[in-house]
Amino acid sequence: LTATEGSGCAFASPLLAAAFERMETLLTRCSDRLEFAAFLSHHKVAAAMDARFVKDKLEQMLGADVFLDSDNLQDLRLLLDHVRQSDVLVLFQTSEVLQRPYCILEINAAVKAQVPIVALNCRGKGYDSTRSMRLMRRLDTELEKVNPGAPALLRANGLEPVEAAYVLSNVVPNIISVEWNSSA
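All values derive from a computational prediction rather than experimental measurement. (Residues numbered from 1 in each chain as written. Predicted model: local features only at pLDDT ≥ 70, side-chain atom pairs only at ≥ 80, totals over all residues. Heavy atoms only, no water.)

Enquirer: How do you make sense of the packing of aromatic side chains when you look at a structure like this?
Expert: Each aromatic ring pair is characterised by the separation of its centres together with the angle its planes make. Using the criterion set out here, one finds three aromatic pairs in the structure. Judged by centre distance (5.2 Å) and plane angle (80°), the rings of F36 and F67 are edge-to-face. Here F36, found in the loop between α1 (14-29) and β3 (38-41), pairs with F67, found in strand β4 (residues 66-67); they are 31 residues apart in sequence, far enough to count as distant. Each ring, one from F39 and one from F67, has its centre 4.5 Å from the other, and the planes form 5°; the classification is stacked. In this pair, F39 sits in strand β3 while F67 sits in strand β4, placing the two residues 28 residues apart along the sequence. Using a relative accessible area of 1% as the deciding quantity, one classes F39 as buried. We classify F67 as buried; its relative accessible area is 0%. (Phe/Tyr/Trp six-rings, centres within 6.5 Å; stacked < 30°, edge-to-face > 60°. Helix = DSSP H or I, 4+ residues; strand = E, 2+ residues; numbered from the N terminus. Buried < 20%, exposed > 50% of the residue type's maximum accessible area, 1.4 Å probe, protein only.)

Right under this line is the structure:
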C-alpha cells in the first residue's frame, strides 16, 4: 500500500496516491485559505460516487472543507462564487462532463479566477481526450446537438458558447490529468 505522508490515507494504486499527493501539495501551498480547499466538478450520473469518495478523503487529509454540490450547494445562484472561493477545482473527466453546462461554467469560472485545476481521468467512464478536444473546439456549434438547451443555459449565466469553446480548448488539454480508478 502507498500512503500519502502524514495523511493517514492508504492507497493500493501508486497512481491514485500520486493524484492525492498532487492535490495535497497544491492545497498546502495556498497561504490564504479560502472557503473551500477544493471544488469537485463532475457529471453527477457518471461520477457522483467518485466525487463523494474524493471529498471524504481530501477532507480527512487536509482537515478542510471540500465543496460537493450535493452537500454544500444551498443556492444555485452562488455556485460560481463557490468555485472562486476554492483553492483548487478538481475536474472528474468522464464521457459527458464537457457537455454539461454547469461543469463548463465551473471550469470557466476557475480559469477566470485563476483557480488551479486538477483533472482526474475516471477509468472506465469513457473520457476520450481526442473526442473531447473536437467538442471543445466546436462547442459553440456542437453543444446544442449533444445537450439541447445547454447553450441557452450558458448564455443565461453570461457565458457565450464561443467564449466557452475558446476557454475550454485552450485550458483543458493542457491540464495534467491523473488516472482515477475508483476500483483500486
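Enquirer: Explain the nonpolar core to me, please; I cannot follow it from the model alone.
Expert: Most often, soluble globular proteins keep nonpolar side chains buried together rather than apart. Ranked by size, the top nonpolar core spans 33 residues in total, and within it L89, L98, I104, L139, L168 and V172 carry the most contacts. For this core, the secondary structure elements donating two or more residues are α4 (79-84), β5 (89-93), α5 (101-112), β6 (117-122), α6 (129-137), α7 (139-146), α8 (150-156) and α9 (161-171). With six residues, α5 is the largest single contributor of residues to this core. Sequence-distant contacts of V172, defined by excluding residues within four places in its chain, comprise Q93, L98, I107, Y127 and M136. (Core = buried A, V, L, I, M, F, W, Y, C linked by side-chain atoms within 4.5 Å. Contact = heavy atoms within 4.5 Å.)

Enquirer: I'm lost on the sheet that holds β5 in this one. Help?
Expert: Strand pairing in a sheet takes place through backbone hydrogen bonds and is either antiparallel or parallel in direction. Ordered by their spatial adjacency, five strands build an open sheet running β4-β3-β5-β6-β7, and the pairing between neighbours is parallel. With partners counted over all chains shown, the strands left at the sheet margins are β4 and β7 (177-180), one partner each. With five bridges connecting them, β5 and β6 associate as parallel partners. Pairing of F92 across the sheet is with L120, part of β6. (Pairing = 2+ DSSP bridges.)

Enquirer: I keep staring at the side chain of Q93 and nothing clicks. Help me out?
Expert: Its place among the elements puts Q93 in strand β5. With a relative accessible area of 3%, Q93 lands in the buried category. A distance of 2.4 Å separates the side chain of Q93 from the side chain of S177, its partner in a polar contact. Apart from the residues lying within four places of it in its own chain, the contact partners of Q93 are A119, L120, N121, C122, Y127, V172 and S177. (Polar contact = N/O pair within 3.5 Å; in protein donor to acceptor, adjacent residues only side chain to side chain.)

Enquirer: Teacher, can you tell me more about the confidence of the model for the protein chain here?
Expert: Should the pLDDT be low somewhere, the predicted coordinates at that spot are not to be read in detail. Overall, the predicted model of the protein chain reaches an average pLDDT of 85, with 82% of residues at or above 70. The model gives residues 1-10 a pLDDT under 50, and that stretch makes 25 contacts with residues more than four places away or in other chains. (pLDDT = per-residue confidence, 0-100.)

Enquirer: Got a minute to help me understand the pattern of salt bridges in this structure?
Expert: Between side chains of opposite charge, a pair can form as their charged atoms come close. Under the definition given, this model contains eight salt bridges. Between D50 and K125 there is a salt bridge; the shortest N-O distance is 2.6 Å. Taken together, the positions of D50 in helix α2 (residues 44-62) and K125 in the loop between β6 and α6 put the pair 75 residues apart, joining distant regions of the chain. Of the charged contacts, one joins K145 and E142 as a salt bridge, the two residues approaching to 3.1 Å between their closest N and O atoms. A residue pair is termed a helical-turn pair when its members lie 3 or 4 positions apart in one helix, as K145 and E142 do in helix α7 at three residues. (Salt bridge = Lys/Arg side-chain N within 4 Å of Asp/Glu carboxyl O.)

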